[in-house]
Every structure is written in structure tokens, then in C-alpha cells.
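Geometric and topological summary
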Amino acid sequence: MQKKVKETISPEMNFEKTAVKVSAVSIVGNILLSVFKLLAGIIAHSGAMVSDAVHSASDVFSSIIVIIGVKLSARESDDDHPYGHERLECVAAIVLAVVLLITGLFIGAGAVENITSGSYSELAVPGVLALAAAIISIVVKEAMFHYTKYYAVKLDSGAVMADAWHHRSDALSSVGALIGIAGSRMGMPVLDSIASLVICLFIVKAAYDIFKDAVEKMVDHSCDKDTEQAIKECVLAQNGVMGVDKLTTRVFGNKIYADIEISADGSRTLRESHDVAEGVHTAIEQEFPKVKHIMVHVNPADGT
């Protein structure tokens, strides 16, 4: 029985327009949230909340990069780029990872400076406004994470998924800020700085994961085994195919390119063998929306 792989994007869903819409929502949400958290951090004397605000502000920049990357990757193939521009989205994801890493290290450096200073009594105790800002941030950023991730999966977009994890890392950093602020108000001011350091670790881990995924998509990494098996089963179901001799795949941005060798009756005419290969080619591209192109080679089956 042929295995059905999950379809990612419906035909009516335009990749570029949808990705830009999701990123625009992220930009507006992050601008409002970062301004609110920055003011709350300054007014309530919370270093963790100010760090959290910087993190949210970096999300605005990352969403702009997503829009640029998606628009460039959606351009049609041309003479200089016959395979399209999908890898430019991976470039956008790598830029996002670097921005995220720098943001995390910047936050971590400030936290380490406060922790190692030893002058904990001089650290300001955050106000109640910082607590409220942390709670609001957690709720809003977690909602933005699920919203963005939903469309990232539908679009199979690494850059949009990177933006989604930007939201999740921001939500987690707000959890750390909440704990640190609460602890600081209970008589342990250094916990506010420790929370900033924990936020740094979350951000660096997210940056690494995004960078690793983008690089794998840029170095002709093969697609997952389940998809390859489903392609083979689809091919074997076509008229005239007697076997699959070889299948190689490579991920190109958010698309798949494949080369396959099939076995067919060696006594068939060239025209008949071509028709078998054409049937395989058409079936694969219809059954698997992520496959942008597949090259089919026909071998004579043993004993024919």
C-alpha cells in the first residue's frame, strides 16, 4: 500500500504572499511588545526585562530579513539561475541565526558582568510593572509562536520557521525574566541577572538549531527516508515499471530534486520506454508538491 506523505502547501495558498503576511504580523506585534517591555524594564528597574525587550526588538529585524529572503527565493528561474532561487531563503535563515546569536551573547555578557561584580546589594529591585510585562510577554509571544509555526509548516519554509522559534525563544526568555524578577523582589536581586544569563542560553541554542537546518538545506542534503520510500512506492505503482534500481534526492531550499533509475521491459520500443518514464515523472510531480523536478532514467530489466 502506497504511503501518503503530508502535503505542505495547498495550491490556493500563495507562498510569497502568505509568508509576507505572517512576517508583517510578527513585525507589528514585536514593535508594540518591545516598546512596552523596554518602558516597563526602565520604569521598574529590571535588567532582565530590558534584555527581553532587546530580544523582541531583534525579532523585528529578523522578520524583515524573512520578507526579503522569501521575496528573493520566490523569483522565477532565469538563464543564470536555471534551478531557481530557493536557496536564498536559506541565506535569510542563516542571517537570522547570526542575529539571534549576537543578541544572545550581548544579553549574556551584561548578565555575567552583573553576576561577577559581587555588588549584589547595589542592584536595583524590579517593580511590579516588570512582573506584569513578563506575564503579558509570555502569553503574546507563545501565541505568535504557534501562529507563525502553523504557516511555517504549511509553507515548509525554513526562514518562517526560524522566525517562529524566535518567538518561542522570546517566550522562554520572558519565563526566565519572570522568575528572575520575582526572585529579585523576594530579596535576591542577583536572580534578575541570572535570569538574563538563562535567556542568553536559550537564544544561543535556538540560533544553533536554525543555522544547522539552513546549512543542511544548502549542501544538497538528501530528503528524509519516509519521503524517499513513498516516492519509490509511487513509482512502482506506475504502468510499465518493473523495479526501482536507484533513487537519489537532494533538498534545494524548500524544494526537492530527484534522480531515479527504473527497470522496464527491454523489448519495448524507445517510444514506449519514454512513455513509461514520462508517466513516472508526471505521477511524482503531482503526488509530491515539494518535488520541483525529477529526472527518470530507464534501464532494461534483467531477463528481458
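Residues numbered from 1 in each chain as written. Predicted model: local features only at pLDDT ≥ 70, side-chain atom pairs only at ≥ 80, totals over all residues. Heavy atoms only, no water.

**Focus: the packing of aromatic side chains**
Counted by the stated rule, this structure contains three aromatic pairs. On the basis of an interplanar angle of 70° and a centroid distance of 5.4 Å, the ring pair of Tyr 147 and Tyr 151 is categorised as edge-to-face. One end of the pair is Tyr 147 and the other is Tyr 151, both in helix α4 (residues 128-155) and four residues apart, which spans about a single turn. Ring geometry for Tyr 150 against Tyr 151: centres 5.0 Å apart, planes inclined by 85°, an arrangement best described as edge-to-face. Of the residues examined, Tyr 150 reaches a relative accessible area of 47% and is grouped as partly exposed. Residue Tyr 151 is classed as buried on the basis of its relative accessible area of 15%. Members of the aromatic cluster, each reached through a chain of ring pairs, are Tyr 147, Tyr 150 and Tyr 151. (Phe/Tyr/Trp six-rings, centres within 6.5 Å; stacked < 30°, edge-to-face > 60°. Helix = DSSP H or I, 4+ residues; strand = E, 2+ residues; numbered from the N terminus. Buried < 20%, exposed > 50% of the residue type's maximum accessible area, 1.4 Å probe, protein only.)

**A closer look at the packing of helix α7 (residues 225-236) against helix α8 (residues 270-287)**
For the pair α7 and α8, the least separation of the axes is 9 Å and the interaxial angle reads 135°. If you check the angle between α7 and α8, you find them oblique. For the pair α7 and α8, the sense of crossing is right-handed. Counted together, Ile 231, Cys 234 and Val 235 of α7 and Val 280, Ala 283, Ile 284 and Glu 287 of α8 form the full contact between these two elements. Each residue belonging to the contact of α7 with α8 can be placed in one class, and the counts come to six nonpolar, no polar and one charged. (Axes fitted to C-alpha atoms, helices over the stretch in contact; angles between N-to-C directions. Parallel < 35°, antiparallel > 145°, perpendicular 65-115°, else oblique. Left-handed = near helix turned anticlockwise from the far one by under 90°. Contact = heavy atoms within 4.5 Å. Nonpolar A, V, L, I, M, F, W, Y, C, P; charged D, E, K, R; others polar.)

**Some remarks on the nonpolar core**
Formed by 37 residues in total, the largest nonpolar core has its most connected members in Met 49, Val 66, Leu 100, Val 160, Ala 177 and Ile 210. Ranked by residues supplied to this core, first place goes to helix α3 (residues 87-117) with nine residues. Not counting residues up to four positions away in its chain, the partners in contact with Ala 177 are Ala 48, Met 49, Asp 52, Ala 195 and Ile 199. With 21 residues, the next largest nonpolar core counts Ala 230, Ala 258, Val 276 and Val 291 among its residues. (Core = buried A, V, L, I, M, F, W, Y, C linked by side-chain atoms within 4.5 Å.)

**Looking at the sheet that holds strand β3 (residues 291-300)**
Two pairing modes exist for strands in a sheet, parallel and antiparallel, and in both the strands are linked by backbone hydrogen bonds. Ordered in space as β1-β2-β3, the three strands form an open sheet in which the pairing is mixed. Every interior strand has two partners, whereas the edge strands, β1 (243-252) and β3, have only one. Taken pair by pair, the neighbouring strands of this sheet meet at an average axis angle of 15°, ignoring direction. Taken together, the nine bridges between strand β2 (residues 255-264) and β3 define a ladder with parallel strand orientation. Note on β3: the bridge partner recorded for Glu 261 is His 297. Lying over the sheet, α7 contacts β1, β2 and β3, oriented at roughly 135° with respect to β1. On top of the sheet, α8 reaches β2 and β3; it is set at about 150° to β3, its chief contact. (Pairing = 2+ DSSP bridges.)

**Quick word on helix α1 (residues 15-43)**
Here α1 contains 29 residues, and its C-alpha end-to-end distance of 42 Å stays within 8% of the 42 Å for a straight helix at 1.5 Å per residue. Taken from the residues just after α1, His 45 is the one with a positive phi, measuring 60°. (Expected span 1.5 Å × (residues − 1).)

**Some points on the confidence of the model for the protein**
With 88% of its residues at a pLDDT of at least 70, the protein reaches an overall mean of 81. Contacts for the low-pLDDT stretch residues 1-9, under 50 throughout, to residues beyond four places or in other chains number 23 contacts. (pLDDT = per-residue confidence, 0-100.)

**Section: the pattern of salt bridges**
Across all of its chains, the model carries three salt bridges by this definition. Its salt-bridge partner being Glu 142, residue Arg 168 comes within 2.6 Å of it at the nearest N-O pair. Residue Arg 168 is found in helix α5 (residues 158-185), and its partner Glu 142 is found in helix α4; the two are separated by 26 residues along the sequence. Overall, the relative accessible area of 18% leaves Arg 168 in the buried class. (Salt bridge = Lys/Arg side-chain N within 4 Å of Asp/Glu carboxyl O.)

**A short note on the side chain of Asn 299**
Mapped onto the secondary structure, Asn 299 falls in strand β3. Here the side chain of Asn 299 touches Asp 245 through a polar contact of 2.9 Å, side chain to side chain. Once residues lying within four places of it in the same chain are set aside, the contact partners of Asn 299 are Asp 245, Glu 261, Ile 262, Ser 263 and Ala 264. (Polar contact = N/O pair within 3.5 Å; in protein donor to acceptor, adjacent residues only side chain to side chain.)

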